Amino acid sequence: MKFADLIHEPSVIPEVEGTERNAVIRELVNSLAEHGAVPAEHVETIARAAIAREKQGSTGFGKGVAVPHVKHECIQKMTATIGRSSRGVDFAALDRAPVYAIVMLLSPAEAPEEHLAAMEKIFRYLQREKFRRFLRQADSHEAIVELIREADDLQDD
Amino acid sequence: MTSVDGDAGFRCVIRLTEKGRPRLSAPETEAVREVEVRNREGLHARPVMRFVDLAMQFRSSVTVANVTKNGEVLDGRSAMQLMLLEATQGCLLRIKVQGVDADEAADALAALVESGFETGSPGQSG
């Protein structure tokens, strides 16, 4: 599985409106629903579960990225999207710094192996300084989609 | 200056740890533990955070490798790195610790993984 195969491209938000964690989580789940990746009737359930998960421990791992995620029985098929913020979002991150890239992962409830494989894929990219920098600079939908499609070819400095 | 009578030539250097407890300066040692991931969900984000929290309580360096998967050696004090373990239930992890409190750290970290991350707060081991 490639990183690009994991991301539901139409749902990517190049500039999130919110500057606060819960609002941004809702924006991303809404975007996934609007573009058909999750059923609209589950938006509230998924958003609430993702926010509840954050309250157990921030998924702002530091270095300006956060990976909010939720495993839930109403999620039939794994999907993920990306939100970017030029202003920064307060995610109560481990390093207390604002977050500029949010990768949101939705997993079915009973598929821990698949969930861990997706997390591995996401973090494989996010821990590369160059990928984070390019993602932060990608200010259009096209730029983000192009970056994730070409991420495998991106060589570190 | 106080001089200590007794064993001639034997002298302990005492320094304060962050917690203010005096600790003998010990030589750097290495400790390795291999443990199996027991919990159904594997090392997802929260267990990884707990592992890192515990690893940071020691002064030694810690690496973790998923022997079952690819054996890639990852920094046990970095949550971002440990998310690469893809440590699902049944995987064998090699925890390698180097430093002045290597044994203590290795025991505590191994116990945390073996507990299935179901214990309350870490630090009860040993």
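Bear in mind that the values here come from a model prediction, so they are computed numbers and not experimental data.

Caption draft 1: Highlighting the interface of chain A and chain B. With 16 residues of chain A at the interface, the matching set in chain B holds 14 residues. Listed by contribution, the elements that provide at least two residues to the side of chain A that touches chain B are β1 (60–62) and α4 (112–126) of chain A. Tallying contributions element by element places α4(A) first for the side of chain A that touches chain B, with 10 residues.

Caption draft 2: Here's a closer look at helix α3 (residues 43–56) of chain A. Residue and element names in this part refer to chain A. Over its 14 residues, α3 extends 20 Å from the first C-alpha to the last, a length consistent with the 20 Å expected when each residue adds 1.5 Å. Listed in full, the buried residues belonging to α3 are Ile 46, Ala 47, Ala 49, Ala 50 and Glu 54. Mapping the buried residues of α3 onto a view down its axis gives an arc of 160°, with all of them on the same face. Among the exposed residues of α3, those oriented more than 90 degrees off its buried face are Ala 52, Lys 55 and Gln 56. Looking at the buried positions of α3, the neighbouring elements they touch are α2 (21–34), β3 (69–72) and β5 (99–108).

Caption draft 3: Spotlight on the sheet that holds strand β5 (residues 73–75) of chain B. Residues and elements named next belong to chain B. An order of β3-β6-β4-β5 is seen for the four strands of this open sheet, with the pairing classed as antiparallel. With partners counted over all chains shown, the strands left at the sheet margins are β3 (29–36) and β5, one partner each. Taking each pair of neighbouring strands and ignoring which way they run, the sheet shows an average axis angle of 25°. Packed onto the sheet, helix α3 (residues 102–114) meets β3, β4 (61–66) and β6 (92–99) and runs at close to 10° relative to β3.

Caption draft 4: The arrangement of α2(A) in detail. Residue and element names in this part refer to chain A. Here α2 contains 14 residues, and its C-alpha end-to-end distance of 20 Å stays within 8% of the 20 Å for a straight helix at 1.5 Å per residue. Inspection of α2 places Arg 21, Val 24, Ile 25, Leu 28, Val 29, Ser 31 and Leu 32 among the buried residues, and these make up the whole buried set. The buried side chains of α2 occupy one side of the element, clustering within an arc of 155° when seen end-on. Close packing links the buried residues of α2 with α3, β4 (79–89) and β5. Positive phi shows up at Gly 36, right after α2, with a value of about 80°.

Caption draft 5: Expanded view of the nonpolar core. Judged by nonpolar contacts, the single largest core of 74 residues is most densely connected at A:Ile46, A:Val99, A:Ile102, A:Val103, B:Leu82 and B:Leu109. Among the elements that take part in this core, β5(A) stands out by supplying eight residues, more than any other. When sequence neighbours within four positions are dropped, the list of residues in contact with A:Ile46 reads A:Val29, A:Val38, A:Val70, A:His72, A:Cys74, A:Ile75 and A:Leu106.

Caption draft 6: Layout of unusual backbone geometry. You will see that A:Arg96, though not glycine, has its phi angle at about 65°, which is positive. Its place among the elements puts A:Arg96 in the loop between β4 and β5. Overall, the presence of 11 C-beta atoms within 10 Å leaves A:Arg96 in the exposed class. In the Ramachandran plot, B:Glu86 falls in the positive-phi region, its phi being about 50° despite a non-glycine side chain. Here B:Glu86 lies in the loop between α2 (79–82) and β6.

Caption draft 7: Region of the structure containing the packing of helix α1 (residues 45–55) of chain B against α3(B). Residue and element names in this part refer to chain B. Packing of α1 against α3 brings their axes to within 10 Å, and their N-to-C directions diverge by 165°. When the axes of α1 and α3 are compared, the pair comes out roughly antiparallel. For the pair α1 and α3, the sense of crossing is right-handed. Across the interface between the two elements, Arg 50, Phe 51, Leu 54 and Ala 55 from α1 touch Ala 108, Leu 109 and Leu 112 from α3. Residues belonging to the contact of α1 with α3 are distributed by class as follows: six nonpolar, no polar and one charged.

Caption draft 8: Quick peek at the pairing of β5(A). Residues and elements named next belong to chain A. Taking burial as the measure, the 10 residues of β5 include nine buried ones, the bulk of the element. Of the pairings in the sheet, the one linking β3 to β5 comprises four bridges and is parallel in character. In the sheet register, Val 70 faces β5, and the bridge partner there is Leu 106. By the bridge criterion, seven bridges tie β4 to β5 in an arrangement that is antiparallel. Bridge pairing in β5 places Ile 82 opposite Val 103.

Caption draft 9: How the structure looks around the environment of B:Pro27. Along the chain, B:Pro27 turns up in the loop between β2 (22–24) and β3. For the pair B:Pro27 and B:Val100, spaced 73 residues apart in the sequence, the C-alpha separation amounts to 5.7 Å.

Caption draft 10: Looking closely at the environment of A:Glu27. Residues and elements named next belong to chain A. With respect to the element layout, Glu 27 can be found in helix α2. Among the residues examined, Glu 27 registers 19 C-beta atoms within 10 Å and is labelled partly exposed. Linking Glu 27 and Ile 102, residues 75 residues apart in sequence, is a C-alpha distance of 11 Å. Discounting chain neighbours no more than four positions away, the residues touching Glu 27 are Ile 13, Val 16, Glu 17, Gly 18 and Gly 83.

What counts and how
- The residue numbering used here restarts from 1 in each chain and proceeds along that chain's sequence as written.
- The lettering of chains begins at A and the numbering of ligands begins at 1, in the order of writing.
- Two thresholds apply to this predicted model, a pLDDT of at least 70 for residue-level local features and 80 or more for giving and counting side-chain atom pairs, whereas whole-chain, interface and lining totals are computed over all residues.
- Here, residues touch in the contact sense if the C-beta positions derived from the backbone fall within 7 Å of one another.
- For the purposes of this entry, the term helix denotes a DSSP run of H or I that reaches at least four residues, the term strand denotes a run of E that reaches at least two, and both are numbered from the N terminus.
- A helix is expected to reach a length of 1.5 Å times the quantity of its residues less one.
- Counting other C-beta atoms within 10 Å of each residue's C-beta, where C-beta atoms are placed from the backbone, gives the exposure class: buried for 20 or more, exposed for 12 or fewer, partly exposed between.
- The arc in question is formed by the directions pointing from the helix axis toward the C-beta atoms.
- If DSSP finds at least two bridges between two strands, the strands pair.
- Structural elements are reduced to axes, namely lines fitted to C-alpha atoms, with helices fitted over the stretch in contact, and the angle between N-to-C directions of any two is expressed from 0 to 180 degrees.
- The term nonpolar core refers to a set of buried Ala, Val, Leu, Ile, Met, Phe, Trp, Tyr and Cys residues connected through C-beta atoms within 7 Å.
- Oblique is the label for every angle not falling under 35 degrees (roughly parallel), over 145 degrees (roughly antiparallel), or within 65 to 115 degrees (roughly perpendicular).
- With the far helix as reference, a near helix turned anticlockwise by less than a right angle produces a left-handed crossing, and one turned clockwise produces a right-handed crossing.
- In this classification, the charged set is Asp, Glu, Lys and Arg, the nonpolar set is Ala, Val, Leu, Ile, Met, Phe, Trp, Tyr, Cys and Pro, and all remaining amino acids, among them Gly, are polar.

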